[in-house]
Amino acid sequence: MNKKFLMPVAVLAASSLLSGCAALGLGGGGAKPGSNTRYVARDVNTLYTAAKDKLDNKQYEVAAALFDEVERQHPYSPWARRAQLMSAFSYYMAQKYNESIQSSRRFLSIHPGNKDAGYAYYLIALSYYEQISDVTRDQKISEQALAALGEVQRRYPTSRYASDATLKIDLVRDHLAGKEMEIGRFYQRRALWLASSLRFREVVDKYDTTTHAPEALYRLTESYLAMGVPEEAKKAAAVLGANYPGSEWYARAYNLMQKNAPAA
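Participant: Looking at this structure, I do not really get the packing of aromatic side chains. What am I missing?
Facilitator: Aromatic rings in a pair are described by how distant their centres are and how their planes are angled relative to each other. Within the structure shown, the criterion is met by nine aromatic pairs. On the numbers, 5.0 Å between centres and 55° between planes, the contact of Tyr-48 with Trp-79 is tilted. Remark: Trp-79 occurs in helix H5 (residues 78–93) and Tyr-48 occurs in helix H3 (residues 44–56); sequence separation between them is 31 residues. When its relative accessible area of 13% is taken as the criterion, Trp-79 is described as buried. Through successive ring pairs, a cluster of aromatic residues spans Tyr-48, Phe-67 and Trp-79. Here Arg-82 stacks its cationic end above the ring of Trp-79, 4.8 Å away from the centre of that ring. Over the aromatic face of Tyr-129 sits the side chain of Lys-168, whose NZ or CZ is 5.2 Å from the ring centroid.

Participant: Please clarify how the environment of Ile-101 should be interpreted in this entry.
Facilitator: Within the element layout of this structure, Ile-101 appears in helix H6 (residues 97–110). For Ile-101, a relative accessible area of 5% gives the class buried. A sequence separation of 27 residues divides Ile-101 from Tyr-128, and the C-alpha atoms of the two residues are 8.2 Å apart.

Participant: Got a minute to help me understand the packing of H5 against helix H7 (residues 117–129) in this structure?
Facilitator: When two helices pack together, their arrangement is given by the angle between the helix axes and by the axis-to-axis distance. Across the interface, H5 lies against H7 with an axial gap of 11 Å and an inter-helix angle of 20°. Viewed along their axes, H5 and H7 adopt a mutual orientation that is roughly parallel. Like other packed secondary-structure pairs, H5 and H7 cross with a definite hand, here left-handed. Taking contact as the criterion, the partners of Leu-85, Ala-88, Phe-89 and Tyr-92 in H5 are, on H7, Tyr-119, Ala-120, Leu-123, Leu-126 and Ser-127.

Participant: Even after reading the chapter, I still don't get the pattern of salt bridges, so can you show me in this structure?
Facilitator: If charged atoms from side chains of opposite charge come close, those side chains can pair. Tallied over the full model, the rule gives 16 salt bridges. Across the pair Arg-106 and Glu-71 runs a salt bridge whose closest N-O atoms are separated by 2.3 Å. Here Glu-71 lies in helix H4 (residues 60–73) and Arg-106 lies in helix H6, a separation of 35 residues in the sequence. Arg-106 sits in the partly exposed class, given a relative accessible area of 43%. On the accessibility criterion, Glu-71 (13% relative accessible area) is buried. For Glu-182, the salt bridge is made with Lys-179, and the minimal N-O distance between the two is 3.5 Å. Here Lys-179 and Glu-182 lie together in helix H9 (residues 162–189), a separation of three residues that amounts to about one turn. The class for Glu-182 is partly exposed, based on a relative accessible area of 25%. When its relative accessible area of 14% is taken as the criterion, Lys-179 is described as buried. Overlapping salt bridges bring together Arg-185, Glu-215, Arg-219 and Glu-222 as one network.

Participant: How should H3 be read in this particular structure?
Facilitator: An α-helical segment advances 3.6 residues per turn. Residues three or four places apart therefore align on the same side. Taking 1.5 Å per residue as the helical rise, H3 with its 13 residues ought to reach 18 Å, and the 18 Å between its terminal C-alpha atoms agrees with that figure. Burial in H3 covers these residues: Val-44, Thr-46, Leu-47, Tyr-48, Thr-49, Ala-50, Ala-51, Lys-52, Lys-54 and Leu-55. Residue Lys-58 follows H3 closely and has a positive phi angle near 65°.

Analysis parameters
- Residues numbered from 1 in each chain as written.
- Predicted model: local features only at pLDDT ≥ 70, side-chain atom pairs only at ≥ 80, totals over all residues.
- Heavy atoms only, no water.
- Phe/Tyr/Trp six-rings, centres within 6.5 Å; stacked < 30°, edge-to-face > 60°.
- Helix = DSSP H or I, 4+ residues; strand = E, 2+ residues; numbered from the N terminus.
- Buried < 20%, exposed > 50% of the residue type's maximum accessible area, 1.4 Å probe, protein only.
- Lys NZ or Arg CZ within 6 Å of the ring centre and 35° of its normal.
- Axes fitted to C-alpha atoms, helices over the stretch in contact; angles between N-to-C directions.
- Parallel < 35°, antiparallel > 145°, perpendicular 65-115°, else oblique.
- Left-handed = near helix turned anticlockwise from the far one by under 90°.
- Contact = heavy atoms within 4.5 Å.
- Salt bridge = Lys/Arg side-chain N within 4 Å of Asp/Glu carboxyl O.
- Expected span 1.5 Å × (residues − 1).

Geometric values such as these leave the question of function open.
Given below as structure tokens:
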């Protein structure tokens, strides 16, 4: 994702004000990563410029530590608020997502009504989203991402972050539906038909707009037939035919019903 899009406008403007300031000996070419983040009293311009320089050079963890130092050394400066957001952004770019979430939440706890609060919520959502694992793993983080993205959408529906949040919500929902399908197929392979039907019903009821819905209806038809309830299988196949009449899954469900429950 483009770094310029992620940076809040106010922070970008603040950064440009300092772009011409010298680092005054900070971050020299021979310095080890993190060696310039120890506590040494420095004026706010020096600290912020050094942090921005590290960020521009993709030394994200060092940048985050220096932005944190701006807040520690100059807590009542106007730069402290900007540094909090830049620290959260730097941690995000360093793939230190938990630290980014913590920094963003700290900003919101201190400045809940700030004009950049929407960006902080968005950064929290992105940090959860980037941690989503494949469908074979526990999906708690996916649920957290969905909740955080939904909060961005609800709180800031007209913001520049809302459309991206909406897109990612659809992707997360599809991912969660995929997890339900994986578990349902697992139960099917072991002839645990009631358990499988509950998983497929969850997809049909909760994730009906995802790409997994047609297969879920077909698998539901299979499970109901195996359980000996052809009328329920007929209902699932009928819903599949009504919503996805030209799909492969409906063709398979139709043939399955004709073979196993033609009367139904």
